[in-house]
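Each chain is listed here by its residues.
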Amino acid sequence: MAKEIAVFGATGNQGGSVIEALLKDSNYKVRAVTRNTSSPRAQQLAAQNIQVVQADYSDKNSLKRALQGVYGCFVVTTQDFTDNDCQKTETTHGKNIADVCSQLNIEHVIFTTQLNVYKVLGINARHMTAKAEIEMYMRSLGIPATYVVLPCYYESLLTIFRPENVNNNEYRLLIPMGHIPLDLISIKDCGEVIRKIFDNRKQYLHKTLSLSGDKLTIKHMAATLSKHLHPKQFSDKQVTTTEYRNFGWPGCQDLANMFEFFQRVDQRTNIALTKELNPRLKTFEEWVVANTAALTKL
């Protein structure tokens, strides 16, 4: 009998990747959890004969209805930097989910966590600190869980880390890492990793897995983009974390602190393990080649 997995963030990129991987495996059945079942993406999932259920992360009764009877959960929590209380909100949502998973005796929870930047350096990246606090709470409850630390996504070059166009075909990357290599992964490769962890519950239970698809400097990223997106040329602007903090948009200080953390604290990611969990894991260059159509529209 297929094991039913509740996937939080079902209409987002992480959840979508997990759903795609689970649907390819007859050993699993997907229950898509979302705040808004009438959204276009939720309707697309329903059209694929996927059960789509509504859940208010602030309402434990709503969460109980959404999770009743499932074998496992993939849990991702998100943060809205326009909310001044975003860290508290995300932490509360995560703890509510944890309480319900504990009450319902969910057999395997996979949670996308992060390291606690504030605890290590005394500077705050609210999206990371919240996830670290949720992980600590899950562990205190004894929830049968696996914790996955994901790095930045290649796909963020198309959104939040979109290169700056300075002159015709000249672009600059504004990622404050200096000469320190940055861990990255394709979000589309994450789903298969999660499926494999569900497959091997006993092996990965109560463990934290720090994943990565590639590790390279911003200068190397720029060279790879220039190589495959000619005549566009890319360079590393060498922006500092101080400059990044002053960009002025919601969350820029959090991301600047995240990058400072990445620079100052060794990121012990495991590309070999990630590759073992997903043999089709793409390097950054392979991802660029596969996504030239989207990247040429930068």
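As shown above, the structure is provided for reference.
Here's what I pulled together on the structure shown here. Here, residues in each chain are numbered from 1, in the same order as that chain's written sequence. Note on the predicted model: pLDDT of at least 70 is required for a residue's local features to be given, and 80 or more for side-chain atom pairs to be given and counted; whole-chain, interface and lining totals, by contrast, use all residues. Where side-chain values are given, they derive from all heavy atoms of the structure, hydrogens and water being excluded.

Next up on the list: the overall build of the protein chain. A helix here means a DSSP run of H or I that spans at least four residues, while a strand means a run of E at least two residues long, and both kinds are numbered starting from the N terminus. Scanning the protein chain from terminus to terminus reveals 14 helices and 13 strands. A compact globule built from 298 residues should have a C-alpha radius of gyration of about 19 Å, and the protein chain, at 19 Å, falls within 12% of that. If one aligns the C-alpha atoms of the protein chain with their principal axes, the spans along those axes are about 55 × 40 × 40 Å. For the protein chain, buried positions account for 53% of its 298 residues. In the protein chain, once contacts between residues fewer than 6 apart in sequence are set aside, the share between residues at least 24 apart is 75%. Radius of gyration here is computed from C-alpha atoms only, and the compact-globule reference equals 2.2 Å multiplied by the residue count raised to the power 0.38. Note on classification: 1.4 Å probe, protein chains only; a residue is buried when its accessible area is under 20% of the maximum for its type, exposed when over 50%, partly exposed between these limits. Two residues qualify as a contact provided that any one of their heavy atoms is within 4.5 Å of a heavy atom in the partner residue.

Our next topic: the sheet that holds strand 10 (residues 182–185). The criterion for strand pairing is that DSSP finds at least two bridges linking the strands in question. On the basis of which strands lie adjacent, the open sheet formed by 3 strands has the order 7-10-12 and mixed pairing. Strand pairing shows two members of the sheet lacking a second neighbour, strand 7 (152–153) and strand 12 (214–216), which therefore form its edges. For strand 10 and strand 12, the ladder comprises 3 bridges, and the chain directions are antiparallel. Counterpart to leucine 182 in the pairing with strand 12 is leucine 216.

Planes of paired rings set the category: under 30 degrees apart is stacked, over 60 is edge-to-face and the rest tilted, where pairs are Phe, Tyr or Trp rings (Trp by its six-membered ring) whose centres lie within 6.5 Å. Inspection of the entire model under this criterion finds 12 aromatic pairs. Measuring from centroid to centroid gives 6.3 Å for phenylalanine 261 and phenylalanine 262, while their planes differ by 50 degrees, and the two rings are tilted. For the residue pair phenylalanine 261 and phenylalanine 262, the accessibility class agrees, reading buried in each case. Two conditions define a charge sitting above a ring: the NZ of Lys or the CZ of Arg must be within 6 Å of the ring centre, and it must be within 35 degrees of the ring normal. One Lys or Arg, lysine 3, reaches over the ring of tyrosine 71 and ends 4.6 Å from the middle of that ring. Directly above the aromatic system of tyrosine 57 lies the positively charged group of arginine 35, at a separation of 4.0 Å from the ring centroid.

Attention now goes to the pairing of strand 6 (residues 145–149). Where burial is concerned, most of strand 6 is hidden: 5 out of the 5 residues are buried. Of the two faces of strand 6, the one holding Ala145, Tyr147 and Val149 and the one holding Thr146 and Val148 are both buried throughout. Here 5 bridges tie strand 5 (residues 108–113) to strand 6, and the two strands are oriented parallel to one another. Residue phenylalanine 111 lies in a different strand from strand 6, and its bridge partner there is tyrosine 147.

Using a 1 Å grid laid over the protein atoms alone, points where a 1.4 Å probe fits but cannot get out form a cavity; open sets with protein on both sides within 12 Å along at least 5 of 7 lines form a pocket; any residue with an atom within 4 Å of a point counts as lining. Grid points are joined across faces, edges and corners, and a volume is the space filled by probe spheres set on the points. Its boundaries defined by the atoms lining it, the second largest pocket holds a volume of some 280 Å³. If you go around the second largest pocket, the residues you meet are Ser17, Glu20, Ala21, Lys24, Lys188, Asp189, Glu192, Asn278, Arg280 and Lys282. Elements supplying a minimum of two residues to the lining of the second largest pocket: helix 1 (13–23) and helix 7 (187–199). Following the grouping adopted for this structure description, the nonpolar residues are Ala, Val, Leu, Ile, Met, Phe, Trp, Tyr, Cys and Pro, the charged ones are Asp, Glu, Lys and Arg, and the polar ones are all others, Gly among them. Among the residues forming the lining of the second largest pocket, the class breakdown is 1 nonpolar, 2 polar and 7 charged.

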